Amino acid sequence: MSAPLVPLSGLKIATRKEMKKEGGCAASSCGSKAGPADMDPATWAKVKDHPCYSEEAHHYFARMHVAVAPACNIQCNYCNRKYDCANESRPGVVSERLTPEQAARKVLAVAAEVPQLSVLGIAGPGDAAYDWRRTRATFDLVAARLPDIRLCMSSNGLALPDHIDEIVAMNIDHVTITINAIDPEIGEKIYPWIFFGGKRRTGIEAATILRDRQLQSLEMLHQKGVLVKVNSVLIPGINDEHLIEVNKAVKERGAFLHNIMPLISDPAHGTHFGLTGQRGPTAAELKKVQDACAGGANLMRHCRQCRADAVGLLGEDRGQEFTLDKLPEVIEDAPEAREAYRAWVAEERRDRAAAAAEAVLPAAEKPTLFAVCTRGSGRINLHFGYATEFQIYEADADGIRFVGHRRADNYCLGGHGDSERMDEILRVLADVPYVLCAKIGEGPRNRLAAAGIEAIDSLGQDYIEAAIAAVLSTRSARKGGGAARRA
Amino acid sequence: MAFKIVTSQCTLCGACEFECPNAAITLRNDIYVIDPALCSECEGHFENPQCAEICPVPATCIPA
Ligand code: SF4
Ligand code: SF4
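Residues numbered from 1 in each chain as written. Chains lettered and ligands numbered in written order. Predicted model: local features only at pLDDT ≥ 70, side-chain atom pairs only at ≥ 80, totals over all residues. Heavy atoms only, no water.

K.L.:
Can you break down the sheet that holds strand S7 (residues 199-202) of chain A residue by residue, with the values?
P.N.:
Residue and element names in this part refer to chain A. Pairing is antiparallel in the open sheet, where three strands are placed in the order S2-S6-S7. Lying at the two open borders of the sheet, with one neighbouring strand each, are strand S2 (74-75) and S7. In terms of strand pairing, S2 meets strand S6 (residues 193-196) through two bridges, oriented antiparallel. Its bridge partner being in S6, glutamine 75 is matched across the sheet by tryptophan 193. Where helix H6 (residues 203-223) meets the sheet, its contacts fall on S2, S6 and S7, and the angle it forms with S7 comes to roughly 105°. (Pairing = 2+ DSSP bridges. Helix = DSSP H or I, 4+ residues; strand = E, 2+ residues; numbered from the N terminus. Contact = heavy atoms within 4.5 Å. Axes fitted to C-alpha atoms, helices over the stretch in contact; angles between N-to-C directions.)

Shown next, in the form of structure tokens:
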């Protein structure tokens, strides 16, 4: 499940030119969203190294979360406090609880080992703004030792307005607020109670106070130049249609990104929704709501609901390597390695952008989905057999877009057998005609083919956009009766 | 007149410690306990006992 992070030796990977691939034509209709071209410089500077905010950065940088703030001031129907909070964490896995001092030690140890590290976040379980003393103490300790690491936090928003000035003073430049509803009648179905002003409140009153404080936080932070991402949990039958309203409301108030994530619901988690049979959305339902919201606040499609104590590139999880008992006694920081890594990434980004600009699609393509096996850097560089999730790209006449992830690690099913894994992959890729990977065995290739999915491993190590363009032009050449330009 | 914590149900979130106006709640040997000598059931501070109001687990902060 955990592919290694790109080791430093991997930095010597060939540039596109050295690989002597023939790119194709030259126009600029393709390109991953939210790259430097379509963002103002100040915003790009803030997000370029942040894997949770920049679709592009999540190919290169790692973030870690520490769980230091377990107390919470609201109850959500998708949360059972015996497990982790579903906001920014996977249910069913309990995080290591840390004091601020322990958390700071852990961050130092990870920073010394993982040059990709660029962000420290404090999220669930609990609420980072409500349990503010512990959040602040942790950030203070880390900022004193590692001034180059960015800080971010997430919150339900209820306590946030009380700490805005400190958040600004401490240079926390990213805050995530989870907003599932702006209509209190819908909010009431998601939040059984909140604790506010010395009282437990329920029903419409609770949902109204929460909504008002959330929107107030968003406005205040935006005014002070703090980037705000809004998370919404998609709960079919409760807020699915309403999320378009949420998207509009948060966009109006300056949210930089809106991340719509699926409810994960299972009776075994003991949550209210789990126990009452409320189901989570399918991949297609999620995409439908995300598509309906496109054009509002920038949508974030690469979130994988990492756990509160996750360490790694988004989607990988090395948390288990850095539990407290495994930390070395004396921790030497290695800022040079991080600097060298960042310099390499700057180079690689220019290279990838050039490759994407070269990649041109045949005209009049109707939208086609591609499932890509990658372990980062925007390249096709993962063996099909190691992929526990796929990056989904959509290509049509307007260009090539990243549209989300599909997991196939049987995480919620608990299955581990190869054949079960394959069943799960076929299920999540049902509407995807192409899989791009570094290598694939004959067995899996044939099973995919039987399901109408073509596996292509001849474009391994190439940049994703360039490879997709190559596949499509080969296909249209074939259709037009001409010979395929490349195998 | 004091409250107590049903230890077997407590998630160790610490919210009650944070809210208690009398600092009656402390973590001792990895469990939260209420000092009955300090607990006033929040009289004079709040309408309702704050620990019971904030605690996420039903019937965990209860009259002793
Ligand atoms: S009832 Fe009030 S005073 Fe007593 S422990 Fe709970 S919060 Fe503290
Ligand atoms: S609020 Fe409840 S669950 Fe949390 S520490 Fe206090 S007694 Fe335990």
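K.L.:
Quick rundown of the site of ligand 1? Include the residues and the values.
P.N.:
Looking at ligand 1, there are 13 residues lining it, with Cys20, Asn22, Cys39, Cys42 and Cys51 of chain B nearest. Residue composition of the shell around ligand 1, by class: nine nonpolar, three polar and one charged. (Near = heavy atom within 4 Å. Nonpolar A, V, L, I, M, F, W, Y, C, P; charged D, E, K, R; others polar.)

K.L.:
For unusual backbone geometry, give the residues involved together with the corresponding values.
P.N.:
In most cases, non-glycine residues show a negative phi, while peptide bonds are predominantly trans. Of note in the backbone geometry, leucine 12 of chain B takes a positive phi value of approximately 65° without being a glycine. Mapped onto the elements of the fold, leucine 12 of chain B is located in the loop between strand S1 (3-5) and helix H1 (15-19).

K.L.:
Describe the packing of helix H2 (residues 100-113) of chain A against helix H3 (residues 132-145) of chain A, with residues and values.
P.N.:
Residue and element names in this part refer to chain A. For the pair H2 and H3, the least separation of the axes is 9 Å and the interaxial angle reads 35°. Note on packing geometry: the crossing formed by H2 with H3 is right-handed. In this structure, H2 contributes Pro100, Glu101, Ala103, Ala104, Val107 and Leu108 to the contact, and H3 contributes Arg134, Ala137, Thr138, Leu141, Val142 and Arg145. Residues that form the contact of H2 with H3 fall into these classes: eight nonpolar, one polar and three charged. (Left-handed = near helix turned anticlockwise from the far one by under 90°.)

K.L.:
How would you summarise the interface of chain B and chain A if you had to cite specific residues and measurements?
P.N.:
Contacts between chain B and chain A engage 17 residues on the former and 17 residues on the latter. Taking both sides of the interface into account, the surface hidden between chain B and chain A amounts to around 1400 Å²; carbon and sulfur atoms contribute 51%. Broken down residue by residue, the surface that chain B buries against chain A is led by Phe18, Glu53 and Ile54 of chain B, which jointly contribute 37%. Applying the counting criterion to the chain B and chain A interface returns one salt bridge. Its salt-bridge partner being lysine 199 of chain A, residue glutamate 47 of chain B comes within 3.5 Å of it at the nearest N-O pair. Inspection of the chain B/chain A interface yields six residue pairs in polar contact (both at pLDDT 80 or more). Listed by contribution, the elements that provide at least two residues to the side of chain B that touches chain A are H1 and helix H2 (50-54) of chain B. A class-by-class count of the residues in the side of chain B that touches chain A yields ten nonpolar, four polar and three charged. (Buried area = accessible area lost by both parts, 1.4 Å probe. Salt bridge = Lys/Arg side-chain N within 4 Å of Asp/Glu carboxyl O. Polar contact = N/O pair within 3.5 Å; in protein donor to acceptor, adjacent residues only side chain to side chain.)

K.L.:
Any chance you could break down the sheet that holds strand S15 (residues 434-436) of chain A for me, citing the residues and the numbers?
P.N.:
Think of a sheet as strands paired side by side through backbone hydrogen bonds, with each pair either parallel or antiparallel. Residues and elements named next belong to chain A. Pairing within the open sheet is mixed, and its five strands lie in the order S14-S13-S12-S15-S16. At either end of the open sheet lies a strand with only one pairing partner, and these are strand S14 (399-407) and strand S16 (454-456). Going across the sheet, the axis of each strand differs from the next one's by a mean of 25°, ignoring polarity.

K.L.:
Give a detailed account of the pairing of strand S2 (residues 25-28) of chain B, specifying residues and quantitative values.
P.N.:
Residue and element names in this part refer to chain B. Taken together, the four bridges between S2 and strand S3 (residues 31-34) define a ladder with antiparallel strand orientation. Of the residues in S3, the one forming a bridge with arginine 28 is isoleucine 31. Hairpin geometry of S2 and S3 is characterised by an intervening segment of two residues between the two adjacent antiparallel strands and by a positive phi of about 50° at asparagine 29.

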